[in-house]
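Listed below are the residues making up each chain.
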Amino acid sequence: AQKITQTQPGMFVQEKEAVTLDCTYDTSDQSYGLFWYKQPSSGEMIFLIYQGSYDEQNATEGRYSLNFQKARKSANLVISASQLGDSAMYFCAMREPSTGNQFYFGTGTSLTVIP
Amino acid sequence: GAGVSQSPSNKVTEKGKDVELRCDPISGHTALYWYRQSLGQGLEFLIYFQGNSAPDKSGLPSDRFSAERTGGSVSTLTIQRTQQEDSAVYLCASSLVRAGNTIYFGEGSWLTVV
């Protein structure tokens with residue numbers, strides 16, 4: 001089974017609108033970490049946001065927020081007020097202690113912001 | 001430097017030659033990861049080190065691929081008898097070892113096999 005599933009290969013959003021990028025995960029651990037990364041066309045991997053499994057509140061970092069629904073094992077990224085510079089690939093990732101803190105990545109979602 | 005450093009940044013090699021890619025992680029980071037990314041594709045996990053040992057080598061695509069890490073720091077990924085399908089960006093990342101610690105990526109080594 002896939003550890004991280006991102007079902008949206010590509011998404012489009014109008015500039016200044018909000019967009020949600022989906023991510024579901026699979027783990028039996030009670031303690032784990034969830035992460036989102038952005039990869040613009042330049043290729044660098046940029047860490048965006050982190051959610052711990054025991055965090056009761058959804059993580060927020062500026063225009064990024066993580067909609068964490070533990071029972072559903074989902075960790076969707078919400079980008080508010082989209083900007084042209086948000087056009088990039090977005091990867092969801094998980095880290096779990098039972099596999100030695102291995103890092104698992106989803107297949108990514110390509111986001112295009114339309115002016 | 002403060003970040004993950006990879007070298008070479010670009011490498012063009014002839015089919016059949018061996019290549020070595022180097023990763024210098026952030027100082028103090030005990031976990032080190034290698035990933036491969038083909039153009040427009042996701043990240044393909046290759047190998048994971050904790051210290052000098054590799055608890056997970058499951059991603060190495062063939063026995064032409066090997067990696068080592070010495071002194072709990074620098075890692076080398078070696079590809080023997082390169083093939084054209086090995087052309088990709090090879091990304092290295094490092095982190096502290098706790099579930100809440102994020103990993104930090106280098107800028108990658110772009111390998112082209114001609």
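Rules behind the numbers
Residues numbered from 1 in each chain as written. Chains lettered and ligands numbered in written order. Predicted model: local features only at pLDDT ≥ 70, side-chain atom pairs only at ≥ 80, totals over all residues. Heavy atoms only, no water. Helix = DSSP H or I, 4+ residues; strand = E, 2+ residues; numbered from the N terminus. Rg over C-alpha atoms; globule rule 2.2 N^0.38 Å. Buried < 20%, exposed > 50% of the residue type's maximum accessible area, 1.4 Å probe, protein only. Contact = heavy atoms within 4.5 Å. Phe/Tyr/Trp six-rings, centres within 6.5 Å; stacked < 30°, edge-to-face > 60°. Lys NZ or Arg CZ within 6 Å of the ring centre and 35° of its normal. Disulfide = S-S within 2.5 Å. 1 Å grid on protein atoms, 1.4 Å probe; cavity = no way out; pocket = protein on both sides within 12 Å on 5 of 7 lines; lining within 4 Å. Points joined across faces, edges and corners; volume = space filled by probe spheres on them. Nonpolar A, V, L, I, M, F, W, Y, C, P; charged D, E, K, R; others polar.

## Thoughts on the overall build of chain A
- The helix and strand tally for chain A stands at zero helices and 12 strands.
- Listed by position from the N terminus, the elements making up chain A come as β-β-β-β-β-β-β-β-β-β-β-β.
- Relative to the globule expectation of 13 Å for 115 residues, the C-alpha radius of gyration of chain A, 14 Å, shows essentially globular dimensions.
- Oriented by its inertia axes, the alpha-carbon framework of chain A measures out at about 45 × 25 × 20 Å.
- When each of the 115 residues of chain A is scored for burial, the buried share is 50%.
- Contacts in chain A between residues far apart in sequence, at least 24 positions, make up 54% of those at least 6 positions apart.

## Points about the packing of aromatic side chains
- Counting across every chain of the model gives 16 aromatic pairs over all chains.
- Pairing A:Phe35 with A:Tyr50 gives two aromatic rings, centres 5.0 Å apart and planes at 45°, and the pair type is tilted. Placement of A:Phe35 in strand E5 (residues 33-39) and of A:Tyr50 in strand E6 (residues 46-52) is noted, with a sequence separation of 15 residues between them.
- A relative accessible area of 0% places A:Phe35 in the buried class.
- The interplanar angle of 75° and the centroid separation of 6.0 Å between the aromatic rings of A:Phe103 and B:Tyr33 together place this pair among those described as edge-to-face. Note that A:Phe103 is positioned in strand E11 (residues 102-105) and B:Tyr33 in strand E4 (residues 31-37), a pairing that runs across two chains.
- With relative accessibility at 1%, the residue A:Phe103 sits in the buried group.
- Looking at B:Tyr33, the relative accessible area reads 0%, which means it is buried.
- Ring-pair connections join several aromatic residues into one group, and the members of that group are A:Phe35, A:Tyr37, A:Phe47, A:Tyr50, A:Phe103, A:Phe105, B:Tyr33, B:Tyr35, B:Phe45, B:Tyr48 and B:Phe105.
- Positioned above the aromatic ring of A:Tyr104 is the side chain of A:Lys3, whose terminal nitrogen or guanidinium carbon lies 5.5 Å from the ring centre.

## Description of the state of the cysteines
Residue and element names in this part refer to chain B.
- Taken as a whole and assessed by the stated rule, the structure comprises two disulfides over all chains.
- Here Cys23 is linked by a disulfide to Cys92, with a sulfur-sulfur distance of 1.9 Å. On the S-S bond that ties Cys23 to Cys92, the torsion sits near -70°, and the link is left-handed. One end of the pair, Cys23, is in strand E3 (residues 19-24); the other, Cys92, is in strand E9 (residues 88-95), with 69 residues separating them in the sequence. Taken as a pair, Cys23 and Cys92 share a single burial class, namely buried.

## Topic: the layout of surface pockets
- Estimates place the volume of the largest pocket at around 360 Å³.
- Along the walls of the largest pocket sit 22 residues, with A:Gln39, B:Gln37, B:Leu39, B:Gly40 and B:Trp110 positioned nearest its centre.
- Mapped by element, the contributors of at least two residues to the lining of the largest pocket are strand E10 (88-96) and strand E12 (109-114) of chain A together with E9 and strand E11 (109-113) of chain B.
- The greatest single-element share of the lining of the largest pocket, amounting to three residues, is contributed by E9(B).
- Residues of the lining of the largest pocket, tallied by class, amount to 10 nonpolar, 11 polar and one charged.
- What the second largest pocket holds in volume is close to 240 Å³.
- For the lining of the second largest pocket, the elements supplying multiple residues, two or more each, are E11 of chain A together with E4 and strand E5 (44-50) of chain B.
- A total of four residues in the lining of the second largest pocket trace back to one element, the largest contributor, which is E11(A).
- Classifying every residue of the lining of the second largest pocket gives seven nonpolar, eight polar and two charged.

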